[in-house]
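What follows is each chain in one-letter form.
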Amino acid sequence: MTEARRTTRYIWVAVLLCIALAGLVVRLVFLHVAIQDAGRTRTVKTRTYRETLTVPRGRILDGSPSANILAANIGVKDVWVDPAPLLASNRLSSVAGQLARVLHLDEAELSTRLNTTNRHFAYVQRFVPQEKAAELARMKLPSVYFSDSMTRHYPQGQNLCHVLGFVNHDGVGSSGIEQGMESYLKGIPGLRESRLDGRRREMYDRRIREIAPREGADVVLTIDQNLQYMLEKALDATVERHHAKAAMAIIQHVKTGEILAMASRPGFDPNQFRAAGDLQKLNRAIGYVYEPGSTFKVAVIAAALDQGIVKPENVFDCENGRWLYQNKILRDYHAYGRLDVADILKKSSNIGAAKIAILMGDRQLESSLRSFMIGRRLGIDLPGEEGGILRPVAQWTAISSSRVAIGQGVAVTALQMLGVICGIANDGQIMRPYVVKEVVSANGTVLMRQVPQVLSRPIRPETAVLMRKLLARVTEEGGTGAKACVEGFTVAGKTGTAQKVVAGRYSESDYMASFAGFLPAEAPEIGMIIVVDEPQPLHTGGLVAAPVFSEIAEQAVRYLGLMPASPEQTAMYYAGRANRP
Amino acid sequence: MMWKAPTILVGIVLLLLALGIVMLASASSVKGGDAHKDPQYFLRRQLLFLSAALIAGVAASSLDYHWWQKWWVPITLLAIGVLVIVLIPHIGSKIGGSRRWLKLGPVSVQPSEFAKFAVVVALGAWIAKAGNKMGTFREGILKPGLLLVAMLGLVFLEPDFGTTILLASVGGVILYVGGSPPLWLGIGAFTGLCGFALAVLKDPVRMGRILAFLMPDKYPAAAYQLGQSEDAFTLGGVWGVGLGESIQKHFYLPEAHTDFILAIVGEELGLIATTIVLLLFAGLFICGMMISFRAPDTFGRLLGFGLTLMIVVQAAINVGVVTGCLPTKGLPLPFISYGGSSLVVSMVNIGVLINIARQGLEAGADRSIGIRDRARWL
């Protein structure tokens, strides 16, 4: 072997290796530069993630000094599976079986639901309590995952359900305050954009941007949890005692329009809102219109007095309970001969009220009623308010005014009827009713505070004072609302017993029994309306609704610390208190 | 001119080491923090290895390379011995399905790294001894071939396919340059390749790697690492994303601090840095070739040639794998990847090269006169 041949072999090897190294440089240039843009964008995209930062929804608090929580959030877990690997490994049925056992689901249904998908995501159950989720997690089932979620909880259950409403499964308020105050309650979700490492975890030091979420604000209601509780209990008892189909009640602060309590039956548990039907979800107190019957005479007589058409002492012939007018017979519940205006109200004579209305004339009656906000929404800050029905005068027939006078052929909501009563109690000013006192952000800033607002002034203050006196006589001995009295207080109010329209005719068996009133009559503080739908067998407002008014009012005055107007009454008040069991 | 080759060589090696330490600090931080709760875990250890490697390198440069020639038989036997020992269960540590490590107290050493050095020494010494008989089948192919195959086989059994291929190619080239008959060498290489192919076909892991290399779309799982590595270069672009800013090291690229560290270099420092790394290895190769070419005797020449080749071919294979030109093996990038045995042996290689250079011929000296009579440097 010569030196020269060896050198040639050296050079061969050296050249080959240099070519290889040059080739690698070319390859590097290609990787680094040539497939630049598309490849880089795709790669960066798979390493970036974007997350919406959800915030807890604001709470709903009651208006009492202790600010009781009426709606809050609790952390729960959504349980989901990735069915694909389970199907591939034939473990779907066993996993579904174990899930169904722990979560009390139907195993066959769950298996089918998970089996038919070829996606990588399927909910097993949402909003699973933490303990259940922890139990599942301990079982270490394959392809079963948990994600954090929040659910709305209403600690009071059915109480105040219609006012509070509920939040649907997508976290959107769907009725009541939850819907009405959605924009405040939901807060503003934030955004986080960041990089993920190879194990799909966020790399905190590579965060691209984070927009902090703004927590939902707390909504403070005017509702007082304790008054509400009294009202709910009383309503439940009433519905049961009188075999009623439905019932509604509202307590309102006379001077401001603040709603202190509002309840309707049937109700529902907002924690299980899916189980409730539409009838249960209906907030009847504001969303159900009915013919008010005799309570409506209050508006008619107040208007007539205000306009000087009648005076309290004017006497009307009540035709012994049967009056043929325009070929239609109008009856009184009890037959009366001659009654003055004050007694027409006290005894609730239909014939008397009709004659007063006829004296007023159609046009004047209609405009007066409209100024009492009949046929118009009061604008309460809750969704679902109805405006009632008051036909324009052009559509009235010859007997319309005589029927409207006794609350027939006109429809109102309980809220409207209470508005009329409270307007009289509040010196002739109808206040806009409201349930939201204020909205307070998470850091304590008051974002919104409700101020009382006068909607209308249907009568002069002097007329209002007069009406209060007349209405106070209703609860005296011999008045229709005698059972509404509260020991130590003068209660002013009016009963109503309206025949319901069934199949186009006024029913002889189905009634709407109501009582609307306020106290103390001398210096009114709270107004209240009780409406009972189809009570059986007792059906008059005086027998069904008035006692409920009395029962609640008696507790309410003590709870609110209202004092009687005169020393004698005060004595009675304390005596009554001492006599209480 | 010639005195410059070892100086440049030392400069190149120091640059590679410097870059290596910096990149290791970056690339290993995530893995270290995750697996050992200490982002500097691998850096600390590598710095320790580096001190040992520097000492070993200086020592090797001071030791007359003829010493290796004199002791080539014991060295070869020792290499074969440790390669056998590492295969014995309970003695060799099994990591990831391979028995590659021997635990010696607190440190683990890789016998295959030592085998790389031993193969060069053994073949060089053999060729020097055989002299003109290298042209014969018996002396030029059969005997050195058996020696090479014995060591290859042991490394192959670990199994460490990357080192096997490295040893086979470098060993073959040394024999070729040393004067083995090319025809027989070719036949031997072909036989070896067939045997290797058979073994790969029987090994699902290696087969998977080859298939993933050939058809990445059909074997996405096996092609994952390669894809992540290519993505790293693409993300880096020309100038890189900046030192320490790699995303791929965050669990996207497995072995970011060992075999695939060049991908992180490419991502953080860009095309500039990866090209420089390749140019440094090319420079190392040229320096090594010059030193080898001017060695005073056949052994020195083959030793220098083999050691240079061992480093540069390993680097080329590593870069080939990382850039997706070759199927995945398990070879670290010399001087840069994490690993003590590799670093120490690489530095010893460089040390020996420098010793050869110190005893080298002056440029333009007459190469025909008897080289054995030349005064030794030491």
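In this report, the structure presented in the accompanying data block is examined. (Residues numbered from 1 in each chain as written. Chains lettered and ligands numbered in written order. Predicted model: local features only at pLDDT ≥ 70, side-chain atom pairs only at ≥ 80, totals over all residues. Heavy atoms only, no water.)

**Remarks on the interface of chain A and chain B**
Point 1. Counting from both sides, the interface comprises 38 residues of chain A and, opposite them, 53 residues of chain B.
Point 2. Interface area for chain A against chain B, summed over the two sides, is near 3900 Å², with a carbon-plus-sulfur share of 65%.
Point 3. Its largest share of buried area at the contact with chain B, chain A owes to A:Arg9, A:Tyr10 and A:His32, together 20% of the area lost on that side.
Point 4. Measuring nitrogen to oxygen at the nearest pair gives 3.2 Å for the salt bridge that ties B:Glu230 to A:Arg27.
Point 5. Across the contact surface, chain A and chain B share 19 residue pairs in polar contact (both at pLDDT 80 or more).
Point 6. Of all elements in the fold, only helix 1 (3–34), helix 2 (36–46) and strand 6 (190–196) of chain A reach the threshold of two or more residues within the side of chain A that touches chain B.
Point 7. Ranked by residues supplied to the side of chain A that touches chain B, first place goes to helix 1 of chain A with 19 residues. (Contact = heavy atoms within 4.5 Å. Buried area = accessible area lost by both parts, 1.4 Å probe. Salt bridge = Lys/Arg side-chain N within 4 Å of Asp/Glu carboxyl O. Polar contact = N/O pair within 3.5 Å; in protein donor to acceptor, adjacent residues only side chain to side chain. Helix = DSSP H or I, 4+ residues; strand = E, 2+ residues; numbered from the N terminus.)

**Structural notes on the packing of helix 5 (residues 72–87) of chain B against helix 7 (residues 137–157) of chain B**
All names here are of chain B.
Point 1. Remark: helix 5 packs on helix 7, axes separated minimally by 9 Å, with the N-to-C direction vectors making an angle of 25°. Regarding the angle of helix 5 to helix 7, the classification is roughly parallel. Seen from above, helix 5 lies across helix 7 with left-handed handedness. In contact with Trp 72, Thr 76, Ala 79, Ile 80, Leu 83, Val 84 and Leu 87 of helix 5, helix 7 contributes Leu 147, Met 151, Leu 154, Val 155 and Leu 157. (Axes fitted to C-alpha atoms, helices over the stretch in contact; angles between N-to-C directions. Parallel < 35°, antiparallel > 145°, perpendicular 65-115°, else oblique. Left-handed = near helix turned anticlockwise from the far one by under 90°.)

**Observations regarding the nonpolar core**
Point 1. Among the nonpolar cores identified, the biggest contains 112 residues, and B:Leu284, B:Leu303, B:Phe335 and B:Val352 are the most heavily contacted of them.
Point 2. The element contributing the most residues to this core is helix 12 (residues 261–293) of chain B, with 17 residues.
Point 3. Setting aside its immediate chain neighbours within four residues, B:Leu303 contacts B:Tyr65, B:Trp68, B:Val120, B:Val121, B:Val352 and B:Ile356.
Point 4. Among the nonpolar cores identified, the runner-up in size contains 102 residues, and A:Tyr290, A:Ala304, A:Val420 and A:Val474 belong to it. (Core = buried A, V, L, I, M, F, W, Y, C linked by side-chain atoms within 4.5 Å. Buried < 20%, exposed > 50% of the residue type's maximum accessible area, 1.4 Å probe, protein only.)

**Considerations on unusual backbone geometry**
All names here are of chain A.
Point 1. That bond from Leu 519 to Pro 520 is cis: its omega, -15°, falls within 30 degrees of zero.
Point 2. Along the polypeptide, Pro 520 turns up in the loop between strand 21 (505–519) and strand 22 (526–533).
Point 3. Geometrically, the link from Gln 536 to Pro 537 is a cis peptide bond, its omega value of -10° lying close to zero.
Point 4. With respect to the helices and strands, Pro 537 occurs in the loop between strand 22 and helix 20 (541–560).
Point 5. A positive phi angle, near 70°, is found at Asn 327, a position not held by glycine.
Point 6. For Asn 327, the position within the fold is in the loop between strand 13 (322–325) and strand 14 (328–331).
Point 7. Non-glycine residue Asp 427 carries a positive phi angle of around 55°.
Point 8. Residue Asp 427 is classed as partly exposed on the basis of its relative accessible area, which comes to 36%.

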